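Here is what each chain is made of, one letter per residue.
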Amino acid sequence: MTDSILSKAATMEIPINSNGDTRTAEEDSLEQIGGSLDEIVGKLPVAMDLQQVMVSGPNLNETSIVSGGYGGAAEGIIPTGSIKDIRSKSSGITPNQLAASRIANQPGHYQAPSMHHSNSNPSMISEEATRGVAVEKFDSVKKWSINTYKCTKQMFSERFGRGMKTVDLELEAQIDVLRDTKLKYECILRLARALTNHFYNMVQTQQALGDTFADLSQKSPELQDEFGYNAETQKLLCKNGETLLGAINFFVSSINTLVNKTMEDTLMTIKMYENARLEYDAYRTDLEELSTGPRDSATIMRIETAHQQYQIHKDKYERLRSDVSIKLKFLEENKVKVMHKQLLLFHNAISAYFAGNQQQLEETLRQFNVKLKPPGSDKPSWLEEQ
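Residues numbered from 1 in each chain as written. Predicted model: local features only at pLDDT ≥ 70, side-chain atom pairs only at ≥ 80, totals over all residues. Heavy atoms only, no water.

Draft legend 1. A look at unusual backbone geometry. With a phi angle near 55°, Asn-369 is a residue other than glycine that sits in the positive phi range. If you trace the backbone, Asn-369 turns up in the loop between helix H10 (358–367) and helix H11 (382–385). Among the residues examined, Asn-369 registers a relative accessible area of 62% and is labelled exposed. (Helix = DSSP H or I, 4+ residues; strand = E, 2+ residues; numbered from the N terminus. Buried < 20%, exposed > 50% of the residue type's maximum accessible area, 1.4 Å probe, protein only.)

Next comes the structure, spelled out in C-alpha cells:
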C-alpha cells in the first residue's frame, strides 16, 4: 500500500510533456531561445564593423516588454517589434512601409519631394474658375440691382410729377396711332373669324340639305323634279360657298399676320425704346444730382462714372429711337399695301357670291392667287376614323 502511494507521488513530481520527454517547459523555452539566437548570429554578416555597433548603441525598437512579474517565465516576453508589426497589419501598413518611414525620420536622410501638389492643381484651377463665375454673377446682380433702383425711382418721380421726362412728341403720336390701329384691326380679325365659323356651318348645312333632296328625289317619283331642282341649287350654293370660304380664310390669315407678327414686332421694339428712355432719364437725373453737389475727390470719381453710364444709355436711347422711327415707316407702307389687296379681295368675293356669279367669284380668286383646297381634304381618312 505504501509502495503504491510512494510510486504515485514520484510520478506526480516528474512532469511529462506531450512527447514523453521528462524535461521541463522552462528548459524547452531556454533551448528554443538559445537556438534562435544561434540562428540570428549565424545569419549576421561576417564583416560587421564592431566599432559601428558600439557607436550606434542598442536599438530601442528591439527591447522587450515583460508581461509577467519579476522573474517570470520566458514565455511572457514579447518583442516590441512584433507589437508594431501587429499594429501595422491592423492599420493596413506593411512592415516594408514601416521600415521606410523609420529611415525617412532619421536625421540627415534625404526625402524626395512629394507629388501630391500636382494632383491639387486641377482642383485649384476649378476652384478659381468657380470663384470667377461667382464674381461675375455677383457683379451682374449688383449692376441689375442698381439699374432697377434708379429706373424705379425715376418712374415714381414721373408718376408723381417730380421728375423730368424726355418726350419726342412726333414719335409718341405715331406710337399712339399704331396702338389704336392694332386694337381696331384685332376687332376686324375677331369678327372675320366669327363670320368664317358661321359661314362654314351654313355651307355644311347646305351640303347636307342638298344630299337629302337628292335622296328624296329618287324615293319620291311624284316629286322627283322638284326635289332634283332644289338638290342642284343647294349643291351649287355649297360649291360657291366653299369658294367664298377660301377667300375669307385667306383674308383672315393675312390680317392675322399683319396684326400678330408685323405690328407686334414693331411694338416690341417700341417697348425696348421706352425702357431705354426710362434708363436714360434715370442716369441723366443721377448725373444732374451729382453735378449740383459738393466737389471732392470721391465725388469727382462718381461724377465721371455717372457721366460714362449716362453716355452709354444716351447712345442706346438714340439708337432705339431711330429703329422705332424706321419700323413705323415701313409698317405703315406694308399695312397700306396688304390692306388694299385684302379689302379688294373681300369685297369682290362677297359681291360675286351673293350675286350668284360663279364665274366672277372664281376669277377673283385667280386674280389674287388664292388656292383652294380640294374637296374632302379636311376630312380624315377611313383609317383615321377607325
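Back to the write-up after that little detour.
Draft legend 2. Structural context of the packing of aromatic side chains. For the coordinates displayed, the defined rule picks out eight aromatic pairs. Ring centres of Phe-156 and Phe-160 lie 6.5 Å apart, and the angle between their planes is 15°; this geometry places the pair in the stacked category. The exposed category is assigned to Phe-160, whose relative accessible area is 57%. Residues Tyr-353 and Phe-354 carry aromatic rings whose centres are separated by 5.0 Å and whose planes lie at 85° to one another, so their mutual orientation is edge-to-face. The exposure class assigned to Tyr-353 is buried, which follows from its relative accessible area of 8%. Here Phe-354 falls in the exposed class, since its relative accessible area comes to 61%. (Phe/Tyr/Trp six-rings, centres within 6.5 Å; stacked < 30°, edge-to-face > 60°.)

Draft legend 3. Geometry of the confidence of the model for the protein. Residues of the protein with pLDDT of at least 70 account for 65%, and the chain-wide mean is 74. Model confidence for the protein, summarised as mean pLDDT per element, is weakest for strand E1 (residues 64–66) at 41 and strongest for helix H7 (residues 169–219) at 93. (pLDDT = per-residue confidence, 0-100.)

Draft legend 4. Molecular detail of the packing of helix H9 (residues 297–355) against H10. Closest axis-to-axis distance for the H9/H10 pair is 8 Å, and the angle between their directions is 160°. Between H9 and H10, the angle falls in the class roughly antiparallel. The element H9 and its partner H10 pack so that their crossing is left-handed. Facing Leu-345, Asn-348, Ala-349, Ala-352 and Tyr-353 of H9, the residues of H10 in contact are Gln-360, Leu-361 and Thr-364. (Axes fitted to C-alpha atoms, helices over the stretch in contact; angles between N-to-C directions. Parallel < 35°, antiparallel > 145°, perpendicular 65-115°, else oblique. Left-handed = near helix turned anticlockwise from the far one by under 90°. Contact = heavy atoms within 4.5 Å.)

Draft legend 5. Quick look at the environment of Ile-188. Take Ile-188: it is sitting in helix H7. Separated by 67 residues in sequence, Ile-188 and Ile-255 place their C-alpha atoms 8.3 Å apart.

Draft legend 6. Inspection of H10 at higher detail. Where H10 is concerned, the buried positions are Leu-361, Thr-364 and Leu-365. For H10, the angular spread of the buried residues around the axis is 95°, confining them to a single face. Opposite the buried face of H10, by more than 90 degrees, sit the exposed residues Gln-359 and Arg-366. Where H10 is buried, its residues contact helix H8 (224–291) and H9. Backbone nitrogen of Gln-359 and a side-chain oxygen of the N-cap are separated by 3.4 Å at the start of H10; the cap is Asn-357. Just downstream of H10, Asn-369 is the residue with a positive phi angle, here 55°. (Arc of directions from axis to C-beta. Polar contact = N/O pair within 3.5 Å; in protein donor to acceptor, adjacent residues only side chain to side chain.)

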